[in-house]
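Examination of the molecular architecture
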Amino acid sequence: MLDQPFAYYKRTTRSAWRKLLRAAACVLLTASLAFGALMAASPSARAWVQEVLTQWLETHTWFIFTANPNAGTETGEWKTGYLPEGFRLESERPMSVMTKVTYINYEGTKIYLTYMPATSGAIVGTDNEHQGYREILVNGSTAYLLEASKSGERSTLIWRGEENTVAFSLMSSIEVNEIVRIADSIRHEE
């Protein structure tokens, strides 16, 4: 010890750091294994992790859907069971990754329905400048309502349905309770 005084110091400090790093690595490994086991064993834990990421910008809000292993690339056809009086189908445009449906009434007021697979990275964006925000339930699923602050402006409702495999967006200047009623009536066409 006296012939090499610094060797003792290096050996004791190195082992303290090694002990600290080893303890940190063990805690991280244990937490990772516990999280993996929880995800494998608990459907509710998986559902909690598979939420929607929301990015708020000055004029727009983006809803980004996280990975859902059950979401395929096909959505099938979806139809509304309810439309307010006077509305009819104007157009239905299946596109490569989404379907856009437009309904119109005799006054020219439109309802826009968009649906797509809720795969990882699926994004729905909407204007947020003159809208209030709240979360509601649509058929038991969390829905994100951006409600117009002035009459005549569009409100937007965004949610996932069909076991979180399909993402929906419903936008119109009609009353919000009517938008919610339409959303609750949307069903998969067999």
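Coordinates for the structure precede this section.
Below is a short write-up of the structure.

Calculation criteria
- Residues numbered from 1 in each chain as written.
- Predicted model: local features only at pLDDT ≥ 70, side-chain atom pairs only at ≥ 80, totals over all residues.
- Heavy atoms only, no water.
- Core = buried A, V, L, I, M, F, W, Y, C linked by side-chain atoms within 4.5 Å.
- Buried < 20%, exposed > 50% of the residue type's maximum accessible area, 1.4 Å probe, protein only.
- Helix = DSSP H or I, 4+ residues; strand = E, 2+ residues; numbered from the N terminus.
- Contact = heavy atoms within 4.5 Å.
- Pairing = 2+ DSSP bridges.
- Salt bridge = Lys/Arg side-chain N within 4 Å of Asp/Glu carboxyl O.

On to the nonpolar core. Among the nonpolar cores identified, the biggest contains 24 residues, and Leu157, Trp159, Phe168 and Leu170 are the most heavily contacted of them. Ranked by residues supplied to this core, first place goes to helix α3 (residues 176-185) with 5 residues. Those residues in contact with leucine 170 that lie beyond four places of it in its chain are Ile111, Tyr112, Leu113, Ser155, Thr156, Leu157, Trp159, Ile179, Ile182 and Ala183. With 10 residues, the next largest nonpolar core counts Phe65, Ala122, Leu146 and Ala167 among its residues.

In terms of burial, α3 is a largely internal element, 7 of the 10 residues being buried. Those residues of α3 that fall on the buried side of the exposure criterion are Val176, Glu178, Ile179, Val180, Ile182, Ala183 and Ser185.

Let's shift gears to the pairing of strand β6 (residues 110-117). Extensive coverage of β6 is indicated by the burial of 6 of its 8 residues. Two strands pair when backbone bridges link them, and strand β5 (residues 99-104) and β6 are joined in this way by 6 bridges, in the antiparallel orientation. The partner of threonine 99 across the bridge, within β6, is tyrosine 115. In sequence, β5 turns back onto β6 through a hairpin of 5 residues, with glycine 108 there showing a positive phi of about 90°.

It is worth spelling out the pattern of salt bridges at this point. By the definition in use, this model includes 4 salt bridges. Here glutamate 77 makes a salt bridge to lysine 79, at a shortest N to O gap of 3.1 Å. Looking at glutamate 77, the relative accessible area reads 39%, which means it is partly exposed. Overall, lysine 79 belongs to the partly exposed group, its relative accessible area being 25%. Lysine 79 is the partner of glutamate 92 in a salt bridge, and the nearest nitrogen-oxygen pair spans 3.1 Å.

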